[in-house]
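This is what each chain is made of:
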Amino acid sequence: ARLIPQSVTAGLQLGLGITMGWLGLTMVAEAPWIGVPALALLFGLPRLSPRMPVAALVLLAAVIVGTATGRTTVPTAIGFDLRPPPLALPGDWGEVWRAVELAVVPQLPLTLTNAVIVTAALCRDLFPERAGRATVRNLALTSGAMNLLLAPFGAMPMCHGAGGVT
C-alpha cells in the first residue's frame, strides 16, 4: 500500500466506478421499461425522504417486476439444513497449483487494490473518525481469513470491497 501512489488509487476508484456505471447503463438499455423507472426512483425518492432505504425498495420492485414478467424465476425449492456443508479439499498439489495459477494470481492485483487499498482510502475519506478500524492491514487479514476458512466449504471468493462501502 505504501508503494502505490495516491493517483493510482484514485484512478482505480474512477475506473471501477465508470465500469460499474457502464454495466448499469447496459442493463437499463436491455430492459428500459424496468431500468428507467428504477433510475427515476433511485434519483427521485431520496429527495422526498432522505432516510428511506431507496436501493432496497428499488431492488424489491425490480424483483417483483422481473418475476411478474418472466425475466427472472423464483427458485423451485428453498430449504434449510442444519448439517454443515461437505469439505472440498484438493485431491493433489497439481490441483492446488492450477487454482493458484488460474484463479489466485490473476485476481490478486484487483483484490489488493480494490478490496484492500482503495477500500481503506475510501473509509479514510468518507468516515475519518472511524477509519482506524478499516486499515489496509485489517482489510487484508480479514479478507484472507474469510477466504481461507470458507473456501473448503465451497464458498465463492469474497472481500470487503470499495463498492460495499459506498
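Before reading further, recall that the structure is shown in the block above.
Rules behind the numbers
- Residues numbered from 1 in each chain as written.
- Predicted model: local features only at pLDDT ≥ 70, side-chain atom pairs only at ≥ 80, totals over all residues.
- Heavy atoms only, no water.
- Axes fitted to C-alpha atoms, helices over the stretch in contact; angles between N-to-C directions.
- Helix = DSSP H or I, 4+ residues; strand = E, 2+ residues; numbered from the N terminus.
- Parallel < 35°, antiparallel > 145°, perpendicular 65-115°, else oblique.
- Left-handed = near helix turned anticlockwise from the far one by under 90°.
- Contact = heavy atoms within 4.5 Å.
- Buried < 20%, exposed > 50% of the residue type's maximum accessible area, 1.4 Å probe, protein only.
- Disulfide = S-S within 2.5 Å.
- Nonpolar A, V, L, I, M, F, W, Y, C, P; charged D, E, K, R; others polar.

As a further point, take the packing of helix α2 (residues 32-48) against helix α3 (residues 54-69). Interaxial distance between α2 and α3 falls to 10 Å at its minimum, and their mutual angle equals 160 degrees. As judged from the angle between their axes, α2 and α3 are roughly antiparallel. Considering how the two elements wind past one another, α2 and α3 form a crossing that is right-handed. Of the residues in α3, those touching α2 at Trp33, Ile34, Ala38, Leu41, Leu42, Leu45 and Pro46 are Val54, Ala55, Val58, Val65 and Thr69.

With respect to the helices and strands, Arg124 occurs in helix α4 (residues 93-126). Judged by relative accessible area, which is 45%, Arg124 ranks as partly exposed. For the pair formed by Arg124 and Leu102, sequence separation is 22 residues and the distance between their alpha carbons is 33 Å.

On to the environment of Leu87, then. Checked against the element boundaries, Leu87 lands in the loop between α3 and α4. The exposure class assigned to Leu87 is exposed, which follows from its relative accessible area of 52%. Linking Leu87 and Leu150, residues 63 residues apart in sequence, is a C-alpha distance of 9.6 Å.

On to the state of the cysteines, then. On inspection of all chains with the given rule, the structure shows 0 disulfides. Free cysteine Cys123: the closest other cysteine sulfur is in Cys159, separated by 12 Å. Look at Cys123 and you get buried, because its relative accessible area is 10%. Look at Cys159 and you get partly exposed, because its relative accessible area is 38%.

This next bit is on the packing of α4 against helix α5 (residues 136-150). Relative orientation of the contacting elements α4 and α5 amounts to 145 degrees, with a least axis distance of 9 Å. Crossing angle aside, the handedness with which α4 passes α5 is right-handed. Residues Ala115, Val116, Ile117, Thr119 and Ala120 of α4 form the contact with α5, whose participating residues are Val136, Leu139 and Ala140. By residue class, the composition of the contact of α4 with α5 is 7 nonpolar, 1 polar and no charged.

Any functional reading would require information that these geometric values do not contain.
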